[in-house]
Amino acid sequence: MAVEITQVLLNAQSVDASARKYAEESLNQFQDQNLPSFFLALSGELANNDKPVDSRKLAGLILKNTLDAKEQHRKNDLIQRWLSLDMFVKAQVKGCLLQTLSSPVSDARSTASQVIAKVAGIELPHKQWPELISTLLSNIQQQQSHVKQATLETLGYLCEEVSPDFVDQDQVNKILTAVVQGMNASEVNNDVRLSATRALYNALGFAQANFSNDMERDYLMRVVCEATLTPELKIRQAAFECLVAISSSYYDKLGSYMQDIFIITAKAVKEDEEPVALQAIEFWSSICDEEIDILDEYGSDFSADSDTPCFYFIRQALPALVPMLLDTLLKQEEDQDLDEGAWNIAMAGGTCLGLVARTVGDDIVPLVMPFIEENISKPDWRQREAATYAFGSILEGPSPEKLTPTINVALNFMLTALINDPNNHVKDTTAWTVGRIFEFMHGPTVEIPVRTILSVLLQCMKDVPNVAEKACGALYFLARGCEVVGSASPLSPLFADIIQALLSVTHREDAGESRLRTAAYETLNEVVRCATDETTPIVMQLVPVIMVELHRTLEAQKLTSDEREKQNELQGLLCGCLQVIIQKLGSAEPTKYTFLQYTDQMMDLFLRVFACRNATVHEEAMLAIGALAYAAGHNFLKYMQGFYPYLEMGLQNFEEYQVCAITVGVVGDLCRALDDKILPFCDGIMTHLLKDLSSNQLHRSVKPPIFSCFGDIALAIGENFEKYLIYAMPMLQSAAELSTLVAEADDEMIEYTNQLRNGILEAHSGILQGFKNSPKTQLLMPYASNILQFLDSLYNEKDMDDIVMKAAVGVLGDLADTLGANAGPLISQSVSSKDFLEECLASDEHLIKESAQWAKFAVSRAISG
Amino acid sequence: MAPHELRRPFKRPAISDQQRRRDLALIRQTQQRSDSQNRARRLASSLFDLPSHSFPDACQADFPDNVDVGYAIALEQSPELEASSPTVRHLDFVQASKLKGSAARHWFARQLMLTEWMIDVPPNLDRDWYVFARPAGKRCFVVSSNGSTVSRLRNGSVLHHFPSSLPNGARTKEISAPSHVYCILDCIFHEPDQTYYVIDMVCWRGYSLYDCSAEFRFFWLNSKLSETGACNPPSTYHRYRFSVVPIYDCNRIGLHKAYTGGFAFVKDGLLFYNRHAHYQTGNTPLALVWKDELCSQYVLDTDSEGHVPAEQQVVLELQDDGKLTTSDDPPILFGCLEKEIIQKAGNFLRFSVIDECVRIVDGKLELGDLKFVGKANRARAFADSYSKVFFQYTARHSPLQFQDLIASLDPNLDENSESNDMEMID
């Protein structure tokens, strides 16, 4: 094989499909049969300067892919495989990789540097390859620029792959010194400077200590700022990227540099080429992100223990920053609204302006209003559009009081522009701005009658797709603002017209452009959601209409893959729409009975939709069925036989875990709809749920809902849950142990842990309540002490949220309620029945208190016998 | 290391409707799971869960057994409500509270749980029952909602309309509860100290307690009522004081305390509640009343002048076919009227019992011939119940005595009773 590897690698890139296929197969075979030789052959190929560049590159790429994968479980397998490889083989592979860094072929060097980083990502956390960093650093001392460049690139990738925890400060200092040296103006080779600058971007995460030292920080900042002024565009761009990264990682260290940074960024925004200017604007957007987060978290008052104080950089820069951003708005590109991927300086500037408005609130209004007034009526469309975009951008942030006087004038003006302005771009931005007005200002602040607004929007929905899409969006937010429970909705008089107009939009020939059809259906959903008693009959009439549409998509035959994709998208939208209608009509008693006549036909359609095997569609249909089952109650039983295979399919969908999660939720709906009639299906469902729980392929977010689902099942089938106890209880037990052993977790982990706990507790509640009054209650006695221990440990951990607290005290009550006097002694020994219960009884949270009072009652009865 | 993507969302709402659909579905499922849990814990508010609007075409919805048809009748008599008849299984309290005049009286007259009179001692009195002294006064339903409180007598008529500290019981500046929240209490209004003595809790803050055991209702009553300030002395926004009645386990000590103990109120007999029984509208054998001269001034029925008539009198309901029946469900037949008398009769008629004609067959009371006295008081909404007629009869001849109650107790159960009392009395 070794002899012919070059040819195989070349064949694998051949234009001839069969040659390609054969080559791929033999590579796979090679890998399966003799992994060490496979690694050696590929690394040898990569290192060999006599081989063609294409085979070397692919060899490196395959190496990279045998060391890493996107899916966590596969990644873990690959890591283990590498670690267990023979020491000498690994040493030889690593030797080849390092050797390649000196190759005259730049593609080979670059590929090798990525593979080195992957190996480092595996080995450094295991304290292997300790000499790597010093070897790389000594490379840099070499005179040859191309070796220097490749080594700096390798250091960059290494910093991206390896966590700072596994590199000691001494080495970090050396890496930073090498990188900064490479960035320095004294470095004459631009490739070296560029690689060094990009390496710094990744190394910033390692520089915590250096940024806390004034002298080192000053030096780092000076080098970065100088790099933003080099003649080479790519270096300037990379240097600004470093600034952006610094703004979020070291926000609190920026104070003394802000003045200089403003000058640098303003110059770049004004004069530099777009890629650089975009990064310069991004710097300010990123500062806004930081300050918005800080202000969100602490409000306006900071206590001494706040993590990061707000330095109000944006507020201080405001008088200069706003004019700079307003200038960018006039640099629109023609037809940018028709290009999904467009991103230019005008778009970035407006986005940043919106963030500034959210950061400073009212203060931005007087700075922007003159610009709007000056430009809004100009003959040049660029000026009108810029003025409108500026207005739309600052609607979120300032207080309604500050904006209301302007809004009513502006809205009048804009409704006219929507009909009369000759420019597509202006109309697009105007419709978007009108939507923003309703998004943030809805309700009594708008003086113009809803009827007038509606007639303009309905007309606008006939305009070109991008404008019509924005008009749909505006209607979405208008409808959302009208969602007033009980009282008459201002949409009611035109309700039928609105529905009709939206349906017409979905039928437009060009509805596939600019996301128009999606927007129309999403708006239709929102309109349905806010239907009142007066208008639900119209929603009822919509049911057969949407069903016919869905039926039509299922009849279409012989589609190209492109057409099929569009068809799937449409099915997803229609199922989503039906789901919203089911929720609306099925939740109110008066409409429910009439609506449920359609159940047969609807289920028939949904089952056919499942046959399409598209994740999004599957998900939408699943959610719709859940809502339908709950509305139909016991009557849903007759559909179970047909539906069950798809339910199983959903529960086994590890890849598209959203589908799996939603299916788990639907099992809960079915339990509540069918009660004990779900029993015949429970063996299968429980088997899949247990498999899901033990799988390391399934996304972890699905696991808490699965536990809750155990509770749903137990509550539905009562003592019949008996046969699942021996499987479910140990799972609950080990998950419980895991969830109380979370040390030093970040916010995300704490949140997940609490979700997990809540799931476990809901499972226990359901099981305990399910067995209540059953002669088999004693089957739960063996688990009582573990459950109580879990509650006690939750109480001792002190980090549960309100939801968990309520669930936990509820379980205490359920346990006492179901097991009664038998568990009395156990209960009275537990901390939960005393301190925890007391704490819950004293809670300000109504729901916790309520559960606690109930628990107290159950506990006192159990203890007193 | 290519330049990093920095495109931000442009002219798009931040949340997609698809995500919104997912979120709303999750909220719905969480809510429904919690409803199921609450039902399992018997804390559900299912009785009152219907929406406030409804369609006429779904009128024929079936009423479950536990709902009194009186409501349907009331609606027929109330033209302004015909357009929005009930469509669902459960009666809507919110709707009922909108009923006016006779319709309202008709509905409320059927919502109280009515005690039977104790004719013989139920088994396991000490294990399964509570005992407490019944305050003398008018039995009524007290309902707080929408910022006011209304009390209605057993016949459905309004006793007081007043502000109270019950949740949503008064329009005060500080809102004590969300507007949809309401409470229903089963009370006795005690004239001398102008106090409502709460003897049962039917709904609290919108939670229905109908399906809860008496044990739980009393527990809830004792822990919840005082929280609201309803037990405080009267003030501007709280016209009448509410108070709880000490409830005892029905053992020797509890019985003695209830029977001989001194209370803030004038006693009118003893009430016995089975601790497992749910709140059931209408007559129930799981709540009993017993009286003798020592604990009540009103053992024997009096006439409108307050005199005890020489002969026992009963009020019976005249059916269309001339049958005379009690208020029980199903009604007990006590006689028949001749055609000519029916002409002049109202619904409720008063008769004298002729002692010589009365017989007790297999423990059942038969009155035999009755002497017609006249129409009953206009305020009457019910005939006498069978147990009342029976109790009145035995009270005149061989009354059930306190000693009989004590004698029925299991002497072994007395020791560990003390602690339970304290639990319930709070």
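Reading guide: rules and limits
- Residues numbered from 1 in each chain as written.
- Chains lettered and ligands numbered in written order.
- Predicted model: local features only at pLDDT ≥ 70, side-chain atom pairs only at ≥ 80, totals over all residues.
- Heavy atoms only, no water.
- Pairing = 2+ DSSP bridges.
- Helix = DSSP H or I, 4+ residues; strand = E, 2+ residues; numbered from the N terminus.
- Axes fitted to C-alpha atoms, helices over the stretch in contact; angles between N-to-C directions.
- Salt bridge = Lys/Arg side-chain N within 4 Å of Asp/Glu carboxyl O.
- Buried < 20%, exposed > 50% of the residue type's maximum accessible area, 1.4 Å probe, protein only.
- Expected span 1.5 Å × (residues − 1).
- Contact = heavy atoms within 4.5 Å.
- Phe/Tyr/Trp six-rings, centres within 6.5 Å; stacked < 30°, edge-to-face > 60°.
- Lys NZ or Arg CZ within 6 Å of the ring centre and 35° of its normal.

### Overview of the sheet that holds strand S15 (residues 333–336) of chain B
All names here are of chain B.
(1) Moving on: One open sheet accounts for 5 strands, arranged S15-S14-S13-S16-S19; its pairing is antiparallel. Each end of this open sheet is capped by a strand with a single partner; those strands are S15 and strand S19 (370–375). Across this sheet, the average inter-strand angle for adjacent strands is 40°, counted without regard to direction.

### Here we look at the pattern of salt bridges
(1) Moving on: All told, the structure shown has 56 salt bridges over all chains when counted by the stated rule.
(2) Moving on: Between Glu620(A) and Arg21(B) there is a salt bridge whose closest N-O contact spans 2.6 Å. Pair noted here: Glu620(A) is in helix H31 (residues 615–632) and Arg21(B) is in helix H1 (residues 17–40), and the two residues belong to different chains. Here Glu620(A) and Arg21(B) have matching classes, each one buried.

### A word on helix H27 (residues 536–555) of chain A
(1) Moving on: The end-to-end C-alpha distance of H27(A), which contains 20 residues, comes to 29 Å, matching closely the 28 Å that a straight helix rising 1.5 Å per residue would cover.
(2) Moving on: Packing partners of the buried residues in H27(A) comprise helix H25 (495–507), helix H26 (516–529), helix H28 (561–586), helix H29 (589–595) and helix H30 (599–610) of chain A.

### Things to note about the environment of Val143(B)
All names here are of chain B.
(1) Moving on: Mapped onto the fold, Val 143 is located in strand S3 (residues 138–145).
(2) Moving on: The buried category is assigned to Val 143, whose relative accessible area is 9%.
(3) Moving on: Considered as a pair, Val 143 and Val 353 are 210 residues apart in the sequence and their alpha carbons are 38 Å apart.

### A closer look at unusual backbone geometry
Residues and elements named next belong to chain A.
(1) Moving on: In the Ramachandran plot, Lys 127 falls in the positive-phi region, its phi being about 60° despite a non-glycine side chain.
(2) Moving on: For Lys 127, the position within the fold is in the loop between helix H7 (106–123) and helix H8 (132–140).
(3) Moving on: You can call Lys 127 exposed: its relative accessible area is 74%.
(4) Moving on: Despite not being glycine, Trp 129 shows a phi value in the positive range, around 55°.
(5) Moving on: Secondary-structure assignment places Trp 129 in the loop between H7 and H8.

### With respect to the packing of aromatic side chains
(1) Moving on: Considering all chains together, one arrives at 45 aromatic pairs over all chains under this definition.
(2) Moving on: Here the aromatic rings of Tyr386(B) and Phe390(B) are separated by 5.8 Å at their centres, their planes lie at 75°, and the arrangement is edge-to-face. One end of the pair, Tyr386(B), and the other, Phe390(B), are both in helix H9 (residues 386–397), 4 residues apart, so they sit about a helical turn from each other. For the pair Tyr386(B) and Phe390(B), a shared accessibility class is recorded, and that class is buried.
(3) Moving on: In textbook terms, an aromatic cluster arises when at least three aromatic residues are bridged by ring pairs, as seen for Phe610(A), Phe636(A), Tyr639(A), Phe643(A) and Tyr646(A).
(4) Moving on: The side chain of Arg700(A) reaches across the aromatic face of Tyr752(A), ending 4.3 Å from its centre.

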